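# What the coordinates show
Spelled out, the chains give:
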Amino acid sequence: MIRTQNFPILSGGKNSHLIIKLILTYMCLRSNEEALTELEKSGCLYQAGIDKLGRPVIVFIGKWFKPDSVSLDQALLYLIRVLNPVVDKDYSVVYFCTR
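Calculation notes
- Residues numbered from 1 in each chain as written.
- Predicted model: local features only at pLDDT ≥ 70, side-chain atom pairs only at ≥ 80, totals over all residues.
- Heavy atoms only, no water.
- Pairing = 2+ DSSP bridges.
- Helix = DSSP H or I, 4+ residues; strand = E, 2+ residues; numbered from the N terminus.
- Axes fitted to C-alpha atoms, helices over the stretch in contact; angles between N-to-C directions.
- Contact = heavy atoms within 4.5 Å.
- Buried < 20%, exposed > 50% of the residue type's maximum accessible area, 1.4 Å probe, protein only.
- Polar contact = N/O pair within 3.5 Å; in protein donor to acceptor, adjacent residues only side chain to side chain.
- Core = buried A, V, L, I, M, F, W, Y, C linked by side-chain atoms within 4.5 Å.
- Salt bridge = Lys/Arg side-chain N within 4 Å of Asp/Glu carboxyl O.

The next subject is the pairing of strand β1 (residues 45–50). Of the pairings in the sheet, the one linking β1 to strand β2 (residues 56–61) comprises five bridges and is antiparallel in character. Paired with Tyr46 across the two strands is Val59, which belongs to β2. Between the end of β1 and the start of β2, which pair antiparallel, lie five residues, with Gly54 showing a positive phi angle near 85°.

Quick look at the structure:
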C-alpha cells in the first residue's frame, strides 16, 4: 500500500491520480517481466474459476505462502499479476487459513 503521507505529491494534488496510474502501470509491467516461479509453483494464489454470479474467484491459501522464501516486492508483483486481469470488474476472494 502506498502511504500518501510519505509521498506529498500523492496527497491530493491535482495530478496525483496520474502519478498513481503511472506507478500502477509500472508495477503491472514489472509483474509480467519478473521471474516469479517460486510463488507460481507454491499454488498459494490463483484464479479458480467463476462464482454463481459470473465473477472470477481468486483463491489465496495462507499455509502455502512462504514469506521467508520470497521478498515482499515479489509477493506484491505476483498479486498484481494474478489480479490485474480481473480488477476492472467485480470478483470474489476466498482465503484459506489452515495448518
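The three strands are arranged β1-β2-β3 in an open sheet whose pairing can be described as mixed. Looking at the sheet topology across the chains shown, the edges are occupied by β1 and β3 (92–96). Here the average twist between neighbouring strands, direction ignored, is 25°. Sheet strands in contact with helix α3 (residues 72–83) are β1 and β2, and its direction is about 15° off that of β1.

Right, let's talk about the side chain of Ser31 for a bit. Within the secondary structure, Ser31 sits in helix α1 (residues 16–33). Take Ser31: its relative accessible area is 1%, and that puts it in the buried class. Here the side chain of Ser31 touches Cys28 through a polar contact of 2.7 Å, landing on its backbone oxygen. Not counting residues up to four positions away in its chain, the partners in contact with Ser31 are Leu36, Leu77, Ile80 and Arg81.

Burial of nonpolar side chains together is a common tendency in soluble globular proteins. Ranked by internal contacts, the top residues of the largest apolar core, which has 14 residues, are Leu39, Leu45, Ile58, Tyr78 and Val82. Those elements that provide at least two residues to this core are α1 and α3. For this core, the element with the most residues is α3, which contributes five residues. Leaving out residues up to four positions away in the same chain, Leu39 has contacts with Cys44, Phe65, Val70, Gln74, Ala75 and Tyr78.

Okay, the pattern of salt bridges next. Summed over the entire model, instances satisfying the criterion amount to four salt bridges. In this structure, the salt-bridge partner of Asp73 is Arg30, at a minimum N-O distance of 2.6 Å. Remark: Arg30 occurs in helix α1 and Asp73 occurs in helix α3; sequence separation between them is 43 residues. In this structure, Asp51 engages Arg55 in a salt bridge whose closest nitrogen and oxygen atoms are separated by 2.6 Å. With relative accessibility at 19%, the residue Asp51 sits in the buried group. Exposure remark for Arg55: the relative accessible area of 28% places this residue in the partly exposed category. Connected via shared salt-bridge partners are Arg30, Glu34 and Asp73.

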